[in-house]
Amino acid sequence: MKIVIPGGTGQVGTILNRALTAAGHDVVVLTRRPVRDREVRWDGETLGPWAEEIDGSDIVVNLAGRSVSCRYTAANLQTMMDSRVRSARVVGEAIAAAVRPPRLWLQMSTATVYSHRFDAPHDEATGVLGGTEPGVPSYWAYSVEIAKEWERAQERAETPYTRKVALRSAMVMSPDRGGVFDVLLRLARLGLGGPVAGGAQYVSWIHDRDFVRAVEFLADRDELAGPVNLAAPVPLPQRTFMRVLRAAWGVPVGLPATKWMAELGAFALRSDTELLLKSRRVVPGRLLEAGFTFDHARWSEAADDLVRRVRGGPGLTG
């Protein structure tokens, strides 16, 4: 198959490109700064020669959008909104204009669209969208609105011959340098991987190989359209999540952090505490109902696998 990945040079795009290319597919990445073979220039906003790659392709996986690994200033939040909505809109325009449109458009979204919640998990049918929770920072609502507008841009696209799926993805865990697992493992190895602000907030995650397998699964399930949660079926409280990660590496202690300490740490990492403090208790209802099985359903086995790959065990880059 020919698979086009707009915004495919980040962590998730690299994972997909590597796996799909190894499986024998023709993968084309759309990027602002092409440097490798099968990378094509685009600006993420306007139609151009890049649209020829979409015409005649089989699947488009749009991952474009400014990274959330930044301080959530007003300017950065606006850039997140603009980059996501504009790129989704122009991908829709390219598909609509194609003589031979792709049969499937997978549009990246995020589990952040759901509310900050401890009492029950969110699936696609019963989950509660966020934005109105009491007692949370006001900018969290804007973060949810970004996710909603991201999905609306895909929904509004006039692409009658292309099935559309919004990937409400949890954090993708891989051994790659610079990814979220790399950051969390570094904290654990430094003895800083303890509970944050009590650690009751839930962490939703998905193993990188299950993420790829879920994408392949969705490609073969013509009955699945609309939002799909890409998350392992057992989210964990943050304190448990980090305890399991410490055990996988062999670190006995993780110092706890208060909310203000988390603020300092996030500032030092040029990130934001929403990524640490928001409770994302998300489960993959539609994937499980459709018959998808996870190779790494539980965090203990996933963490062991990822740690082995970081240490250079079998399958480091697979």
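Anything mentioned here points back to the structure above.
**Re unusual backbone geometry**
So, step 1. One non-glycine residue with positive phi stands out, namely R38, at about 65°.
So, step 2. When you line up the elements, R38 lands in the loop between β2 (26-31) and β3 (39-41).

**Concerning the nonpolar core**
So, step 1. Within the largest apolar cluster, 40 residues are counted, with the highest numbers of intra-cluster contacts made by L16, V61, L106, F211, L218, L230 and L287.
So, step 2. In contact with L287, not counting residues within four places along its chain, are A214, F217, L218, V228, N229, L230, F292 and F294.
So, step 3. Listed in part, the 20 residues of the second largest apolar core include A188, A232, F241 and A303.

**Here we look at the layout of surface pockets**
By rolling a water-sized probe across the atoms, one finds the places where empty space is left.
So, step 1. Here the second largest pocket defines a volume of roughly 230 Å³.
So, step 2. Forming the boundary of the second largest pocket are 14 residues, of which G8, T14, N17, R36 and E39 lie nearest the centre.
So, step 3. Sorting the residues of the lining of the second largest pocket by element identifies α1 (11-22) and β2 as the ones contributing at least two each.
So, step 4. Here the lining of the second largest pocket gets four residues from one element, more than from any other, and that element is α1.

**Some words on the packing of helix α7 (residues 238-249) against helix α11 (residues 299-310)**
So, step 1. Contact pair α7 / α11: the axes reach a minimum separation of 9 Å and the direction vectors enclose 40°. Taken together, the axes of α7 and α11 are oblique relative to one another. In this structure, α7 meets α11 at a crossing whose hand is right-handed. Contact residues: α7 offers F241, V244, L245, A248 and W249, while α11 offers W299, S300, A303, D304, V307 and V310.

**Let's talk about empty space enclosed by the protein**
So, step 1. Within this structure, the stated rule accounts for one cavity of 30 Å³ or more.
So, step 2. There is about 50 Å³ of room inside the largest cavity.
So, step 3. In terms of lining residues, the largest cavity is bounded by M1, I3, L20, I59, V61, L106, V215, E216 and A219.
So, step 4. The element best represented in the lining of the largest cavity is helix α6 (residues 208-219), accounting for three residues.
So, step 5. Broken down by class, the residue content of the lining of the largest cavity amounts to eight nonpolar, no polar and one charged.

**Re α11**
So, step 1. For α11, spanning 12 residues, the distance from its first C-alpha to its last is 16 Å, which sits close to the expected 16 Å at 1.5 Å a residue.
So, step 2. Turning to α11, its buried residues number three or more, namely W299, A302, A303, D305, L306, V307 and R309.
So, step 3. If you follow the buried residues of α11, they end up packed against β7 (171-173), α5 (180-189), β9 (205-207), α6, β11 (236-237) and α7.
So, step 4. Where α11 terminates, the next one or two residues include G312, which has phi positive at roughly 95°.

**Looking at the environment of A232**
So, step 1. Following the sequence through the fold, A232 ends up in the loop between β10 (226-230) and β11.
So, step 2. For the pair A232 and W205, spaced 27 residues apart in sequence, the C-alpha to C-alpha distance is 5.9 Å.
So, step 3. Look past the residues within four positions of A232 in its chain and what remains in contact with it is W205, I206, V282, P284, F294, H296 and A297.

**Considering the sheet that holds β10**
So, step 1. Taken together, the seven strands give an open sheet; going across it, the order is β3-β2-β1-β4-β5-β6-β10, and neighbouring strands pair in parallel fashion. Whereas interior strands pair on both sides, the edge strands pair on one side only; in this sheet they are β3 and β10. Averaged over all pairs of adjacent strands, the angle between their axes in this sheet comes to 25°, without regard to strand direction.
So, step 2. In this structure, β2 lies alongside β3, joined through three bridges in parallel fashion. When the sheet's bridge partners are listed, V29 is paired in β3 with E39.
So, step 3. Lying on the sheet, helix α3 (residues 74-97) is in contact with β1 (2-6), β4 (59-62) and β5 (104-108); it crosses β5 at an angle near 175°.
So, step 4. Most of the contacts of helix α4 (residues 138-156) go to strand β6 (residues 163-169), to which it runs at about 170°, and overall it touches β5, β6 and β10.

**Regarding the pattern of salt bridges**
So, step 1. In this structure the tally under the stated criterion is 19 salt bridges.
So, step 2. As a salt-bridge pair, D176 and R18 come within 2.9 Å of each other at their nearest N and O atoms. Highlighted residues: D176 in the loop between β7 and α5 and R18 in helix α1, separated in sequence by 158 residues.
So, step 3. When its relative accessible area of 23% is taken as the criterion, R18 is described as partly exposed.

The rules behind these values
Every residue gets a number counted from 1 within its own chain, in the order that chain's sequence is written. Since the coordinates come from a predicted model, pLDDT governs what is reported: local features require at least 70, and pairs of side-chain atoms require 80 or more to be given and counted, while whole-chain, interface and lining totals use all residues. The side-chain figures draw on all heavy atoms in the structure; neither hydrogens nor water molecules are used. By the criteria applied, helices consist of DSSP H or I runs no shorter than four residues and strands consist of E runs no shorter than two, each listed in order from the N terminus. As used here, the term nonpolar core means buried Ala, Val, Leu, Ile, Met, Phe, Trp, Tyr and Cys residues forming a set that is joined through side-chain atoms within 4.5 Å. We call a residue buried when its accessible area falls under 20% of the maximum for its residue type, exposed when it is over 50%, and partly exposed in between, using a 1.4 Å probe and counting protein chains only. Residue contacts are counted whenever heavy atoms from the two residues lie within 4.5 Å of one another. Grid points spaced at 1 Å over the protein atoms alone were grouped into cavities, where a 1.4 Å probe fits but cannot get out, and pockets, open sets with protein on both sides within 12 Å along at least five of seven lines, with lining residues defined by an atom within 4 Å of a point. Grid points are joined across faces, edges and corners, and a volume is the space filled by probe spheres set on the points. Throughout, an axis means a line fitted to C-alpha atoms (over the contacting stretch in the case of helices), and angles, computed between N-to-C directions, take values from 0 to 180 degrees. In this scheme, roughly parallel covers angles under 35 degrees and roughly antiparallel covers those over 145, while 65 to 115 is roughly perpendicular and the rest are oblique. A crossing counts as left-handed when the near helix is turned anticlockwise from the far one by less than a right angle, and as right-handed when that turn is clockwise. For this scheme, ten residues count as nonpolar: Ala, Val, Leu, Ile, Met, Phe, Trp, Tyr, Cys and Pro. Four count as charged, namely Asp, Glu, Lys and Arg, and the remainder, Gly too, count as polar. Here the expected span of a helix is defined as 1.5 Å times the quantity of residues minus one. Any two strands between which DSSP finds at least two bridges are classified as paired. Salt bridges are counted wherever a side-chain nitrogen of Lys or Arg sits within 4 Å of a carboxyl oxygen of Asp or Glu.

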